[in-house]
Amino acid sequence: MNNAIARTTALLSTCALLLTGCGGGDGGGGNTPPISSPTNSSSTPSNTASDTATLSGAIPIGIAVAQTSNVALLGQEEVAGAKLAEKYFNSKGGVNGTPIKLVFQDTSGDEAGAINAFQTLINKDKVVGIVGPTLSQQAFSADPIGERAKVPILGPSNTAKGIPEIGDYVARVSAPVSVVAPNSVKAALKQNPQLKKVAVFFAQNDAFSKSETEIFQQTVKDQGLELITVQKFQTSDTDFQSQATNAINLKPDLIVISGLAADGGNLVRQLRELGYKGLIVGGNGLNTSNLLPVCKALCDGVLIAQAYSPEHPGEVNAAFRKAYTDEYKKEPPQFSAQAFTAVQVYVEALQALDKKSKVNKLQLPELRTELNKQILAGTYNTPLGEIGFTPIGEVVQKDFYVAQIKMEKDGSKGKFTFLK
């Protein structure tokens, strides 16, 4: 977090994006407006002289995730988890008697959408902190805006290398890909110790997928396997016949895919249709039940490493799991659990801060700063298990899993089955 060169570079990149993609404007680094009722107005800042205003009414927490675009398959799960957290914690008294209010802004699937959402939440909605964005690619562009405005950011699904290092106000509840990804390759080897040849696919236009594939490729080598080909694609692609055929002709025993749900699901489907019968490992972008309608019965058998299990013991996870299954009639996915967790961290950090200094007496800039300190200092028993943070904002998590997709033969239903 304290790498000045890296932070300056990130800020300059963000400024360039703002000037070219958004027509310029203040990203929140000037005088911070007072807290008022959240709105959905435009992202143009309207700084005033009333920075001395304090909190009144419900405490606004921003949720900046992808509700539209091809990334919505992931963002919709985060919206679900966040809303369940809002209802759950408000039913328990919110922040020592004061309710929280989640303010949603759609980041869509690109950097410009995330930048606009962050600007609106910071300068118009006057949130105390932000959960988001959905993609690491977006985080590298939008998080510096929160850093400049000194607004706490909690990444719910940003697992690429370098996210916490963006700045002092940037942390994440999503474990880094370097910790999670190798588990699925090891699980594949456990299922078939005769594996030798591996083909890797990744979305070259997505920062997370590029980061994840590096980990996968290194894991393949570390396990003594042969990396026979690396095939690239775009997250917007729908036709993978050329890349799939190239890989299948080399007769791999294992295929590893780093992409998102829509493109990754279509790639899985086309690999199977072209005759590939071996094991497939999917990366974190495929870690959603929204993948299942894309590849249907052909999703069967895909292995995906997990940072969450619905069966994890604990009071909070039991409550979250019940609330999710009651509402959606299926087991909660990882992205929903991580969004719930991020909201929980804000609530419990606000509760702890309120006991020391009443949050409704603090001016907004001071509240954001003290909240950020409290977040990093705390330990939280969440649906993910017990978590905490390093001084630079990296999540510290103990428990990880691997699941395998099991589909009905007609492709109508499926689920993630957790391996022992």
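The structure presented is a predicted model; accordingly, all values stated were derived computationally and were not measured.

Engineer: Can you break down the sheet that holds strand β3 (residues 130-131) residue by residue, with the values?
Structural biologist: Taken in spatial order, the five strands make up an open sheet running β2-β1-β3-β4-β5, and their pairing is parallel. Two strands close off the open sheet at either side, each with one partner strand: β2 (100-106) and β5 (170-172). Where strand β1 (residues 59-65) meets β3, two bridges bridge the pair, whose relative direction is parallel. Among the inter-strand pairings, I63 is bridged to a residue of β3, identified as V131. Strand contacts of helix α2 (residues 72-91): β1 and β2, with the helix running at about 170 degrees to β2, the strand carrying the most contacts.

Engineer: Which residues make up the pattern of salt bridges, and what values go with them?
Structural biologist: It is possible for side chains of opposite charge to pair when their charged atoms get near one another. The final tally for this structure, using the stated rule, is seven salt bridges. The salt bridge involving R321 is made with E331; its shortest N-O contact spans 2.5 Å. Linking R321 in helix α11 (residues 315-328) with E331 in the loop between α11 and α12 (334-356), this pair joins segments that are 10 residues apart in sequence. Overall, R321 belongs to the partly exposed group, its relative accessible area being 27%. Among the salt bridges present, the one from E370 reaches K373, with a minimum N-O distance of 3.4 Å. Of the two residues, E370 and K373 are both situated in helix α13 (residues 364-377); the distance of three residues between them amounts to about one turn of the helix.

Engineer: Account for the packing of aromatic side chains, with residues named and values stated.
Structural biologist: Under the criterion given, the structure shown has 10 aromatic pairs. Ring plane angle 45 degrees and centroid distance 5.6 Å describe the contact between F89 and F340, whose orientation is recorded as tilted. In this pair, F89 sits in helix α2 while F340 sits in helix α12, placing the two residues 251 residues apart along the sequence. Classification of F89 by relative accessible area gives buried; the value is 7%.

Engineer: How would you sum up the sheet that holds strand β13 (residues 395-397)? Please name residues and give values.
Structural biologist: Read across the open sheet, the three strands follow the order β11-β12-β13; overall the sheet is antiparallel. At either end of the open sheet lies a strand with only one pairing partner, and these are β11 (380-382) and β13. Each adjacent strand pair in this sheet contributes to an overall mean axis angle of 35 degrees, direction not counted. Judged from the three bridges that link them, β11 and strand β12 (residues 385-389) form a sheet pairing that is antiparallel. For Y380, the partnering residue across the bridge sits in β12 and is I387. Together, β11 and β12 form the strand contacts of α12, whose direction differs from that of β11 by roughly 145 degrees.

Engineer: Quick rundown of the state of the cysteines? Include the residues and the values.
Structural biologist: Across all of its chains, the model carries one disulfide by this definition. C295 shares a disulfide with C299; S-S distance 1.8 Å. Between C295 and C299 the disulfide shows an S-S torsion of about 100 degrees. By sign, it is right-handed. For the residue pair C295 and C299, the accessibility class agrees, reading buried in each case.

Engineer: Could you give me a rundown of α2, with the residues and numbers involved?
Structural biologist: Compared with the 28 Å implied by 1.5 Å per residue over 20 residues, the 28 Å span of α2 between its first and last C-alpha is a close match. The buried fraction of α2 amounts to 14 of the 20 residues, a majority that puts the element mostly inside the structure.

Engineer: Now, about unusual backbone geometry: what can you tell me, with residues and values included?
Structural biologist: For residues other than glycine, phi is negative in most cases, and the peptide bonds are mostly trans. P133 follows G132 through a cis peptide bond whose omega is -10 degrees. Take P133: it is sitting in the loop between β3 and α4 (136-149). Positioned with a positive phi, S69 is a non-glycine residue whose angle comes to about 80 degrees. Of note, S69 is situated in the loop between β1 and α2. In this structure, K126 is a non-glycine residue whose phi angle is positive, near 50 degrees. Residue position: K126 is located in the loop between α3 (111-123) and β3.

Cut-offs used in this document
- Residues numbered from 1 in each chain as written.
- Predicted model: local features only at pLDDT ≥ 70, side-chain atom pairs only at ≥ 80, totals over all residues.
- Heavy atoms only, no water.
- Pairing = 2+ DSSP bridges.
- Helix = DSSP H or I, 4+ residues; strand = E, 2+ residues; numbered from the N terminus.
- Contact = heavy atoms within 4.5 Å.
- Axes fitted to C-alpha atoms, helices over the stretch in contact; angles between N-to-C directions.
- Salt bridge = Lys/Arg side-chain N within 4 Å of Asp/Glu carboxyl O.
- Buried < 20%, exposed > 50% of the residue type's maximum accessible area, 1.4 Å probe, protein only.
- Phe/Tyr/Trp six-rings, centres within 6.5 Å; stacked < 30°, edge-to-face > 60°.
- Disulfide = S-S within 2.5 Å.
- Expected span 1.5 Å × (residues − 1).

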